[in-house]
Amino acid sequence: EGMTPPQRILFPPEEICMDWQQRQRPGPGLRNMGSTCYINVILQCLTYTPPLANYLLSREHSQLCFQQGFCMMCIMEAHVRKVLRSSASAIWPKAVIRDLKLIGEEFEPDTAGDAFEFLCCALKAMQKACLSGSSNLDISSQTTTIVHQIFGGLLKSRVTCLRCQAVSDSYKAFLHILLDIKEASSLTAALEDFVTPKQLDGKNCFKCSKCEKKVTISKRVTVHHVPKVFTVCLERAADHTGKKISTFVEYPEYLDLLPYMSDIAGEPLLYSLYAVVVHSGDTCLDGHFFCYTKASNGLWYKMDDESVDNCGIHAVLGQQAYLLFYAR
């Protein structure tokens, strides 16, 4: 509904396994190669994303990959296999650093970067790798890769003309959601604000196709299709100067996405928290990233570059979170 059906399914959603296929203690920490903590946290969160790890451990991608040179899926496959099979206490994520410029040209190995920006670029590079060798695909088919089947959902944007009440809907695929937390004390309050209709007038006016003139509109964005893994960034940059919003935003271990859907009838859509990225520092332009992830043995660990330490859920839920990863 809302989108043209895909002409081709690149990865069948029924083949995605949300539960770990093998249970073990967590793998090693990742050495910081100068200013690479922002890379390390994303690599750890992706490594402990069960459906992605299951797929990468199966080596299905590399066995069929014909890409010459840089392939982000092959890099991630090698990395995840190394981490989850290694008995070392810490390893170097060398391949990722070697190809950093190909993942995102704004990144430099010896310059601090942002974890959310790195996540966006890593997912984009993985998506590009999944589409390699498939040309002339329609937009809907492009959202059937393993990347979109795990992280992808659909947002619905409903615009209502406040003059003639004409309604128009549009849809957009997403891999992550950015939430404004200036007024929010909790994740659920930020999500509530995200789906609350906003009135747009003045320079944000919209031309109504029925009235044929610029009018004041109401715009409401809702989640139309939920992803298997729901990834949220709590926007901590107050403005472009790097000032940081340091408020504590409460977030639950279990989240129901049903209240934020286009259609709120039906069973709860329950998600379980499995990874949290934290930024410590007074401004967004400096500081340090570390993360908490839930390993396949069901236990939580604080992962701070090369150190991996056991911890409890109370420590996990008490952080000044920047990124939150929830699995269906």
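Residues numbered from 1 in each chain as written. Predicted model: local features only at pLDDT ≥ 70, side-chain atom pairs only at ≥ 80, totals over all residues. Heavy atoms only, no water.

- An unreviewed UniProt entry annotates the protein chain as UBP42 hydrolase of Piprites chloris.

### Points about the overall build of the protein chain
Part 1: From N to C terminus, the protein chain includes 11 helices and 16 strands.
Part 2: Seen through its principal axes, the protein chain has C-alpha atoms that stretch 65 × 45 × 40 Å.
Part 3: Sorting the 328 residues of the protein chain into buried and exposed places 48% on the buried side.
Part 4: Restricting the contact set of the protein chain to residue pairs at least 6 apart, pairs at least 24 apart contribute 68%.
Part 5: Surface accessibility of the protein chain: about 16,000 Å² in total, with carbon and sulfur atoms responsible for 51%. (Helix = DSSP H or I, 4+ residues; strand = E, 2+ residues; numbered from the N terminus. Buried < 20%, exposed > 50% of the residue type's maximum accessible area, 1.4 Å probe, protein only. Contact = heavy atoms within 4.5 Å. Areas by Shrake-Rupley, 256 points an atom, 1.4 Å probe, with all protein chains shown as cover.)

### A few points about unusual backbone geometry
Part 1: Look at E212: it is not a glycine, yet its phi comes out positive at around 60 degrees.
Part 2: Mapping E212 onto the fold places it in the loop between strand 7 (206-208) and strand 8 (213-215).
Part 3: The phi angle at D305 is positive, at roughly 50 degrees, despite the residue not being glycine.
Part 4: Among the secondary structure elements, D305 is positioned in the loop between strand 14 (300-304) and strand 15 (307-311).
Part 5: Owing to a relative accessible area of 12%, D305 belongs among the buried residues under this scheme.

### Some remarks on the nonpolar core
Part 1: Grouped together as the largest cluster of nonpolar side chains are 62 residues, with contacts concentrated most on M73, F118, V277 and L323.
Part 2: In terms of residues, this core owes the most to one element, helix 7 (residues 115-131), which gives 11 residues.
Part 3: The contact partners of F118, leaving out residues within four places of it in the chain, are Y38, I39, I42, V96, L100, I103 and F107.
Part 4: Residues L191, L257, L269 and V276 belong to the second largest nonpolar core, which totals 36 residues. (Core = buried A, V, L, I, M, F, W, Y, C linked by side-chain atoms within 4.5 Å.)

### Digging into helix 1 (residues 37-47)
Part 1: Where burial is concerned, most of helix 1 is hidden: 11 out of the 11 residues are buried.
Part 2: Residues C37, Y38, I39, N40, V41, I42, L43, Q44, C45, L46 and T47 constitute the buried set of helix 1.

### Observations regarding the sheet that holds strand 4 (residues 167-174)
Part 1: Here we have four strands laid out as an open sheet, ordered 4-3-9-6, and antiparallel in their pairing. Of all the strands in the sheet, just strand 4 and strand 6 (198-200) have a single pairing partner and so form its edges. Here the strands of the sheet are splayed against their neighbours by 30 degrees on average, with no regard to which way each runs.
Part 2: For strand 6 and strand 9 (residues 217-225), the ladder comprises three bridges, and the chain directions are antiparallel. Within strand 9, the residue paired with Q199 across the bridge is S218. (Pairing = 2+ DSSP bridges. Axes fitted to C-alpha atoms, helices over the stretch in contact; angles between N-to-C directions.)

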